[in-house]
Amino acid sequence: DGRHRDNHDLWHHTMGALFAQAAPKLEVLTIASSFLGLNFSFESLPNHPFAERTPKLRHLGLKMVEISYTSTIFCATLTALDLIDVNGRPGSQLFNVLASTPCLEFLRLIDTLSQDPNMIAPTKPFRRINLTKLRTLVLDEEPAILEIILTTIQLPETCRTVVQILDTEPSSLPSTYSVAR
């Protein structure tokens, strides 16, 4: 439909221009592709959005988008990271994002790492990540992904953890989870 294509082109032009500028006062950024029922890929945008200048960015929320986890939008100043149905590539790079965001207080991952089939059986173990300021962790992933996350992230004693398991058969659940402390 022509109107759909026009909206898509306008959106990409507008967002491309926006992401090309520095955003020194930006504190909260939420991008959800469900707007008007359109799906957008952010891989066409620069890997260094906002000219790498978002010194005040604290909250980043992404829903139903594609993005590279090597993007500089994942900056060290983040205190909240909310990823829902994100197709991030490569999935293993998300752990580098977490390691480089030491100020995180809130982390939600819903059907995010499960998007990458290489995450189900990683070829090498991930290094432990200590998120000392994390107060809330919400996970809703496949069992194999939950196990990877919970053994990779070291949580503070005070962290509230909510774990949900995506549509799965009881036989696929691990017998125990050992949450790193």
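Refer to the structure printed above.
Note that the coordinates shown come from a computational prediction; the quantities given were computed from them, not determined experimentally. (Residues numbered from 1 in each chain as written. Predicted model: local features only at pLDDT ≥ 70, side-chain atom pairs only at ≥ 80, totals over all residues. Heavy atoms only, no water.)

Right, let's talk about the overall build of the protein for a bit. Counting its secondary structure elements, the protein contains three helices and ten strands. The secondary structure elements of the protein, listed N-terminal to C-terminal, are α-β-β-β-β-β-α-β-β-β-α-β-β. Expressed as a percentage of the 181 residues in the protein, the buried residues total 41%. (Helix = DSSP H or I, 4+ residues; strand = E, 2+ residues; numbered from the N terminus. Buried < 20%, exposed > 50% of the residue type's maximum accessible area, 1.4 Å probe, protein only.)

This paragraph deals with the packing of aromatic side chains. Enumeration according to the criterion identifies one aromatic pair in this entry. Pairing Tyr69 with Phe74 gives two aromatic rings, centres 5.7 Å apart and planes at 55°, and the pair type is tilted. Here Tyr69 falls in the buried class, since its relative accessible area comes to 3%. When its relative accessible area of 7% is taken as the criterion, Phe74 is described as buried. (Phe/Tyr/Trp six-rings, centres within 6.5 Å; stacked < 30°, edge-to-face > 60°.)

This part covers the nonpolar core. Counting 40 residues, the largest nonpolar core has Leu62, Phe74, Leu81, Leu83 and Leu107 as the members making the most contacts within it. Excluding residues within four positions of it along the chain, Phe74 makes contact with Leu60, Leu62, Ile67, Ser68, Tyr69, Leu81, Leu83, Val97 and Ser100. (Core = buried A, V, L, I, M, F, W, Y, C linked by side-chain atoms within 4.5 Å. Contact = heavy atoms within 4.5 Å.)

For the rest of this paragraph, the subject is the pattern of salt bridges. For the coordinates displayed, the defined rule picks out two salt bridges. The salt bridge partner of Arg108 is Asp82, with a shortest N-O separation of 2.6 Å. Of this pair, Arg108 sits in strand β6 (residues 106–110) while Asp82 sits in strand β4 (residues 80–84), and the two are 26 residues apart along the sequence. Here Asp82 falls in the buried class, since its relative accessible area comes to 18%. In this structure, the salt-bridge partner of Glu105 is Arg135, at a minimum N-O distance of 2.3 Å. Highlighted residues: Glu105 in the loop between α2 (93–99) and β6 and Arg135 in the loop between β7 (129–130) and β8 (136–141), separated in sequence by 30 residues. Classification of Arg135 by relative accessible area gives exposed; the value is 51%. (Salt bridge = Lys/Arg side-chain N within 4 Å of Asp/Glu carboxyl O.)

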